[in-house]
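# Structural features, examined
So the chains spell out like this:
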Amino acid sequence: MRIDLHTHSAASDGTDTPAELMRAAAASGLDVVAITDHDTTDGWAPALAARPAGLTVIRGAEFSTAVPIGARRVSVHLLGYLFDPDDPAIVAEHQRLRAERLQRGLAIVDLMVADGIGISRQQVLDIAAGAPVGRPHIGRALVRAGVVDSVTEAFSSYLAGHGSYYVPKLDTDLRVAVQLVTAAGGAAVIAHPRGRGEFRALTAELIGELADLGLAGLEVDHPDHDAADRAELTEIAQRFSLLRTGSSDYHGHNKSLTLGQCTTAPEALQRLISRTSGATGPIGGSA
Ligand code: AMP
Ligand code: FE
Ligand code: FE
Ligand code: ZN
């Protein structure tokens, strides 16, 4: 059984529509796929409507969160699975994050325009097409303007976190987000805990504290993790009885990743499902 628990559609910053994502998941031989767009559940309905027979869909979202370290806030992504999308606290936080992303995306565009870069607010809004605005949407505008050749190239220059066009956004406190997902009947899993700068915040001590707050698992197998990262995270997961997931973090053409590049063991998925209230179950046969 091939299980990929982290993918993005055009409902956030992927390039496949939710329906295309479902077809691509089936075509690449997956039995189970989770749709986990950034800060929105808008892709759920169109994904389910297009679900090929035999494919099981896990409904999820990737929450933008942060851990305060002194005066700084380290960005951490939190996957929430099978939570109630109508939970008032989740709805309110998704609305706040969407507004925050819009304001911050436009601020980045304004800085670029002021420097004579040939993109516009409207162009980025058209590319986002109603999705919560992310840097990959700006990256696609930069590709269209001929400023860079790919979104990946944009991320190593114009969109880099240490670059002069970077504008932060006010993300949910990680501890609060874990409690939010858990209270809404879902299971919370930290996405790519060693993917970028997260190691500065996600100490074993903090992960243990999050486990006490309801954290269900760690995304150990992720394309951004090397063997040493995976070994370290496996040890931390065992120490705190957290389940271990694996996923591709597929974004369509925005990143050169393939569906099913990393996968989750069926036992881990069963444990994950057992941590949820059942308000939003898996849809389809094989899970
Ligand atoms: P934002 O959420 O607006 O801060 O943008 C971060 C998003 O950009 C994440 O969801 C990543 O998946 C995506 N991203 C980060 N690095 C890259 C990259 N090198 N190429 C393409 N997308 C990236
Ligand atoms: Fe993304
Ligand atoms: Fe992420
Ligand atoms: Zn992701």
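Let us look at the structure shown here.

Conventions used here
Residues numbered from 1 in each chain as written. Chains lettered and ligands numbered in written order. Predicted model: local features only at pLDDT ≥ 70, side-chain atom pairs only at ≥ 80, totals over all residues. Heavy atoms only, no water. Near = heavy atom within 4 Å. Polar contact = N/O pair within 3.5 Å; in protein donor to acceptor, adjacent residues only side chain to side chain. Areas by Shrake-Rupley, 256 points an atom, 1.4 Å probe, with all protein chains shown as cover. Helix = DSSP H or I, 4+ residues; strand = E, 2+ residues; numbered from the N terminus. Nonpolar A, V, L, I, M, F, W, Y, C, P; charged D, E, K, R; others polar. Buried < 20%, exposed > 50% of the residue type's maximum accessible area, 1.4 Å probe, protein only. Arc of directions from axis to C-beta. Contact = heavy atoms within 4.5 Å. Axes fitted to C-alpha atoms, helices over the stretch in contact; angles between N-to-C directions. Parallel < 35°, antiparallel > 145°, perpendicular 65-115°, else oblique. Left-handed = near helix turned anticlockwise from the far one by under 90°.

Turning next to the site of ligand 1. Inspection of the region around ligand 1 gives 13 residues, with His38, Arg101, Arg104, Arg135 and His251 positioned closest. Asp13 places a polar side-chain atom, nitrogen or oxygen, 3.1 Å from an oxygen atom of ligand 1. Here ligand 1 has 500 Å² of accessible area as a free molecule, and 88% of this is covered by the chains. Broken down by element, the residue count for the shell around ligand 1 peaks at three residues, all from helix 6 (residues 151-155). Residues belonging to the shell around ligand 1 are distributed by class as follows: three nonpolar, five polar and five charged.

Okay, helix 4 (residues 121-128) next. If you check which residues of helix 4 are buried, you get Val124, Ile127 and Ala128. Here the buried residues of helix 4 occupy an arc of 100° about the axis, which is enough to place them on one side. Residues of helix 4 that are buried sit in contact with helix 3 (88-114) and helix 5 (135-144). Positive backbone phi, approximately 50°, marks Ala129, located one or two places after helix 4.

Helix packing geometry: the angle between the two helix axes and the distance between the axes. Here helix 7 (residues 174-183) crosses helix 8 (residues 204-213) at 30°, and the two axes come no closer than 9 Å. The pairing of helix 7 with helix 8 is recorded here as roughly parallel in orientation. Considering how the two elements wind past one another, helix 7 and helix 8 form a crossing that is right-handed. The residues of helix 8 that touch helix 7, namely those facing Leu174, Arg175, Val178, Gln179 and Thr182, are Leu206, Glu209, Leu210 and Leu213. Class assignment of the residues belonging to the contact of helix 7 with helix 8 gives a composition of five nonpolar, two polar and two charged.

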